Amino acid sequence: MTVSLENVTRTVDGIPTIGDVSLTLKRGTLSVLLGPTLSGKTSIMRLLAGLDKPTTGRVIVDGKDVTGVDVRQRSVAMVYQQFINYPSFTVYENIASPLRVQGKPRAEIEIRAHAAAIVRRPAAAHRDCARAGEGRRSRAAG
């Protein structure tokens, strides 16, 4: 998969957060997005994943313009360095939640989320994420 940003800008509440960025991430390569705090790294990642839309410019996946395509219709995802979980959910519920959003059948959600949640430690599947260890939170997040 090749993912590109073409002349992308993003403005939030009148404040420019990204200014005229173009980049291409190609299959089989390792790319690093590096910069100081508030330089737009997370904003760029959110645009690539489809969580936000650019003010101007285009997001291209495998040659197709997906700028206006709903995030659930894309084959792109991201995992934050600091794992994002809903602390009030159990590990199982954090895994099942995105599957529900994708509209997966209930039986498939049950099988996939339960299997993922019990890897190595069955007792942890129904533990609150806030009490889970870092490794378990990582697996629940991504």
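Described in the following lines is the structure provided in the data block. (Residues numbered from 1 in each chain as written. Predicted model: local features only at pLDDT ≥ 70, side-chain atom pairs only at ≥ 80, totals over all residues. Heavy atoms only, no water.)

Things to note about the overall build of the protein chain
Phase 1: Secondary structure summary: the protein chain contains four helices and four strands in total.
Phase 2: Secondary structure of the protein chain in N-to-C order comes out as β-β-α-β-β-α-α-α.
Phase 3: Looking at the 142 residues of the protein chain, the share that counts as buried comes to 30%.
Phase 4: For the protein chain, the accessible area works out to roughly 9,400 Å², and carbon and sulfur atoms hold 53% of it. (Helix = DSSP H or I, 4+ residues; strand = E, 2+ residues; numbered from the N terminus. Buried < 20%, exposed > 50% of the residue type's maximum accessible area, 1.4 Å probe, protein only. Areas by Shrake-Rupley, 256 points an atom, 1.4 Å probe, with all protein chains shown as cover.)

A closer look at the nonpolar core
Phase 1: Counting residues in hydrophobic clusters, the biggest one holds 14 residues, and the most contacted among them are Leu-5 and Ile-44.
Phase 2: Of all elements in the fold, only β1 (3-12), β2 (15-25), α1 (41-49) and β3 (56-61) reach the threshold of two or more residues within this core.
Phase 3: Discounting chain neighbours no more than four positions away, the residues touching Ile-44 are Leu-5, Ile-18, Val-21, Leu-23 and Leu-33. (Core = buried A, V, L, I, M, F, W, Y, C linked by side-chain atoms within 4.5 Å. Contact = heavy atoms within 4.5 Å.)

Quick word on helix α2 (residues 91-101)
Phase 1: Here α2 has its buried residues at Val-91, Tyr-92, Asn-94, Ile-95, Ala-96, Ser-97 and Leu-99.
Phase 2: At the C-terminal side of α2, Gly-103 shows a positive phi close to 80°.

Here we look at unusual backbone geometry
Phase 1: Look at Asn-7: it is not a glycine, yet its phi comes out positive at around 50°.
Phase 2: Relative to the elements of secondary structure, Asn-7 occurs in strand β1.
Phase 3: Judged by relative accessible area, Asn-7 falls into the partly exposed class, the value being 47%.
Phase 4: Notably, Asp-13 is not glycine yet its phi reads approximately 50°, a positive angle.
Phase 5: Within the element layout of this structure, Asp-13 appears in the loop between β1 and β2.

Quick look at the pattern of salt bridges
Phase 1: This model, assessed by the stated rule, comprises five salt bridges.
Phase 2: For the salt bridge of Asp-52 with Arg-10, the shortest nitrogen-to-oxygen distance reads 3.8 Å. Highlighted residues: Asp-52 in the loop between α1 and β3 and Arg-10 in strand β1, separated in sequence by 42 residues. Taken as a pair, Asp-52 and Arg-10 share a single burial class, namely buried.
Phase 3: A salt bridge links Arg-58 to Asp-65; the shortest N-O distance between them is 3.7 Å.
Phase 4: We classify Arg-58 as partly exposed; its relative accessible area is 37%. (Salt bridge = Lys/Arg side-chain N within 4 Å of Asp/Glu carboxyl O.)

Overview of the environment of Leu-25
Phase 1: Looking at the element boundaries, Leu-25 is found in strand β2.
Phase 2: Given the relative accessible area of 29%, Leu-25 is considered partly exposed.
Phase 3: With 24 residues separating them in the primary sequence, Leu-25 and Met-1 have C-alpha atoms 8.3 Å apart.
Phase 4: Residues contacting Leu-25, with those up to four places away along its chain left out, are Met-1, Thr-2, Val-3, Ser-31 and Leu-48.

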